Each structure stands twice: as C-alpha cells, then as structure tokens.
Amino acid sequence: MKHFRRLHRWLFAPLVYLAALLLLLEDWLWDLGAALMRRLTAWPPLARLEQWICRLGPYAALVLMVLPAALLFPVKLLALWALANGHALLGLTVIVLAKVVGAAAVARLYLLTRPVLLTIVWFARLLGWFLALKARWIARLQGTAAWRQVQALAGRVRRWRQRASSGPRSWTGRFRRLLKRFRARWRT
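The shown structure was predicted, so the numbers you read here are calculated from the model rather than taken from an experiment.

Novice: Residue-level account of the side chain of Lys134, with values.
Specialist: Mapping Lys134 onto the fold places it in helix α5 (residues 121-142). With residues near it in sequence (within four places) discarded, Lys134 still touches Leu23 and Asp27.

Printed below as a string of structure tokens:
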C-alpha cells in the first residue's frame with residue numbers, strides 16, 4: 001500500500017502542478033478581463049445591460065454565466081479545425097482570443113451576479129470547495145523550488161527593466177526620442 005501511494009503521488013504530482021499553473025493563468029486572464037470589461041461599461045448601453053443583469057434571479061444569472069462558454073464553444077471547435085488543417089497560427093490565435101474574451105465576459109458576469117448566485121445553496125458549497133482546492137494547489141505549486149527560481153528570475157527582470165528605463169540615456173529614452181524624430185519627419 002505504501003508503494004502504491006508513493007507511485008500515485010509520483011504520477012499525479014506533475015498533473016497537480018500543471019493544474020495549478022493553469023489556475024494561475026486563468027486568474028491572470030480573469031483579472032485582465034475584469035479590468036477590460038470595467039472600462040467598457042462606461043458606454044451607456046453596456047451600463048444599462050449591467051443594471052438589468054444585476055436584477056436577474058439566481059437561476060437566470062446561472063444560465064447567463066454559462067452563456068459565454070456555450071457561445072464560444074463552436075468558435076473553439078472551428079479553431080481546432082483550423083489547427084488540424086494546417087492553419088496553426090490562425091487556430092492558436094482564435095483559441096487564445098476566445099479564451100481571453102470568454103474569461104473577460106465570465107469575470108464581469110460573475111462580479112455582477114455573485115450576490116444572487118450565492119443564494120443558491122449548492123452553488124455556494126461548490127464555489128467554497130473549488131476555491132479551497134484552488135488555494136491548496138497553488139500553495140503546493142508555490143512551495144516548489146522551481147517556483148522560487150521563477151520568482152527570483154522575475155524579480156531580476158523587473159529590477160533590470162526599472163534600471164534600463166529610468167534615465168534619458170536608457171534604451172527606452174533613446175527609443176522615445178527616435179519615435180519623436182520619426183513622427184516629426186513623417187508629418188512634414
């Protein structure tokens with residue numbers, strides 16, 4: 001039994017790390033989409049649509065949450081068809097765009113309908129279970145040496161970017177001046 005558990009852990013550990021990485025990517029897309037949709041809601045028709053969504057009942061809100069995934073499913077199938085027929089760049093681009101648009105729509109819909117959705121008992125339980133599972137997986141990923149190395153590398157890149165773009169003699173300062181000269185010549 002001990003060997004089976006060890007083998008089980010050894011076989012499924014990469015899957016847990018992959019799932020945690022995908023959850024982190026989904027979180028990033030979620031935040032990006034929520035910020036994008038927040039900007040778009042300044043448009044009056046979208047603001048009215050959001051007010052209508054906030055007044056929906058719990059099960060109507062649940063159906064509305066599933067709608068973006070259902071609408072984007074055929075688009076993703078077409079992207080897979082494009083991939084299978086030799087249009088790799090087109091297929092990959094469509095899949096990434098569908099993922100970003102879907103995450104943005106679901107993120108905004110979730111923020112609007114969350115209070116109503118939490119009145120559904122089974123939804124509230126399922127959400128609590130999922131968030132706890134997600135936290136465990138991400139904590140497990142963040143406890144690895146590989147994660148610490150990636151974080152250290154990201155910190156070094158961040159510091160390098162700050163140093164590289166801080167002064168007028170930096171490459172970004174030079175690039176900005178080059179763009180200004182190019183624009184000035186283009187206009188004349």
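Still more ground to cover, so stick around.
Novice: Can you tell me about the packing of aromatic side chains, naming the residues and giving the values?
Specialist: Applying the stated rule across the entire model yields one aromatic pair. A ring pair is formed by Trp122 and Phe123, whose centres lie 6.3 Å apart and whose planes are at 75 degrees; its orientation type is edge-to-face. For Phe123, a relative accessible area of 13% puts it in the buried group.

Novice: Tell me about the nonpolar core, residues and numbers included.
Specialist: Membership of the largest hydrophobic core comes to 15 residues, with the highest contact counts inside it found for Ile53, Met65, Leu117 and Phe123. For this core, the secondary structure elements donating two or more residues are α3 (58-84), α4 (88-117) and α5. Of all the elements, α4 adds the most residues to this core, at six residues. If we skip the residues at most four places from it in the chain, Ile53 touches Leu64, Leu109, Leu112 and Thr113.

Novice: Can you tell me about the pattern of salt bridges, naming the residues and giving the values?
Specialist: Enumeration according to the criterion identifies one salt bridge in this entry. Across the pair Glu50 and Arg108 runs a salt bridge whose closest N-O atoms are separated by 2.7 Å. Here Arg108 lies in helix α4 and Glu50 lies in helix α2 (residues 44-54), a separation of 58 residues in the sequence. Grouping residues by exposure puts Glu50 and Arg108 together as buried.

Novice: Which residues make up the packing of α3 against α4, and what values go with them?
Specialist: Packing of α3 against α4 brings their axes to within 9 Å, and their N-to-C directions diverge by 175 degrees. In terms of orientation, α3 lies roughly antiparallel with respect to α4.

Novice: Quick rundown of the layout of surface pockets? Include the residues and the values.
Specialist: The gaps left among the atoms become clear once a water-sized probe is rolled over them. Approximately 800 Å³ is the volume found for the largest pocket. The wall of the largest pocket is formed by 25 residues, among which Glu26, Trp30, Met65, Val106 and Phe130 lie closest to the centre. Contributions of two or more residues to the lining of the largest pocket are made by α1 (2-40), α3, α4 and α5. The element best represented in the lining of the largest pocket is α3, accounting for eight residues. Size it by volume and the second largest pocket reaches roughly 220 Å³. Every residue lining the second largest pocket is counted, 13 residues in all, and those nearest its centre are Met37, Leu46, Leu49, Ile53 and Leu109. Looking at the lining of the second largest pocket, the elements with two or more residues in it are α1, α2 and α4. Of the residues forming the lining of the second largest pocket, the biggest block, five residues, is contributed by α2.

Criteria and cut-off values
- Residues numbered from 1 in each chain as written.
- Predicted model: local features only at pLDDT ≥ 70, side-chain atom pairs only at ≥ 80, totals over all residues.
- Heavy atoms only, no water.
- Helix = DSSP H or I, 4+ residues; strand = E, 2+ residues; numbered from the N terminus.
- Contact = heavy atoms within 4.5 Å.
- Phe/Tyr/Trp six-rings, centres within 6.5 Å; stacked < 30°, edge-to-face > 60°.
- Buried < 20%, exposed > 50% of the residue type's maximum accessible area, 1.4 Å probe, protein only.
- Core = buried A, V, L, I, M, F, W, Y, C linked by side-chain atoms within 4.5 Å.
- Salt bridge = Lys/Arg side-chain N within 4 Å of Asp/Glu carboxyl O.
- Axes fitted to C-alpha atoms, helices over the stretch in contact; angles between N-to-C directions.
- Parallel < 35°, antiparallel > 145°, perpendicular 65-115°, else oblique.
- 1 Å grid on protein atoms, 1.4 Å probe; cavity = no way out; pocket = protein on both sides within 12 Å on 5 of 7 lines; lining within 4 Å.
- Points joined across faces, edges and corners; volume = space filled by probe spheres on them.

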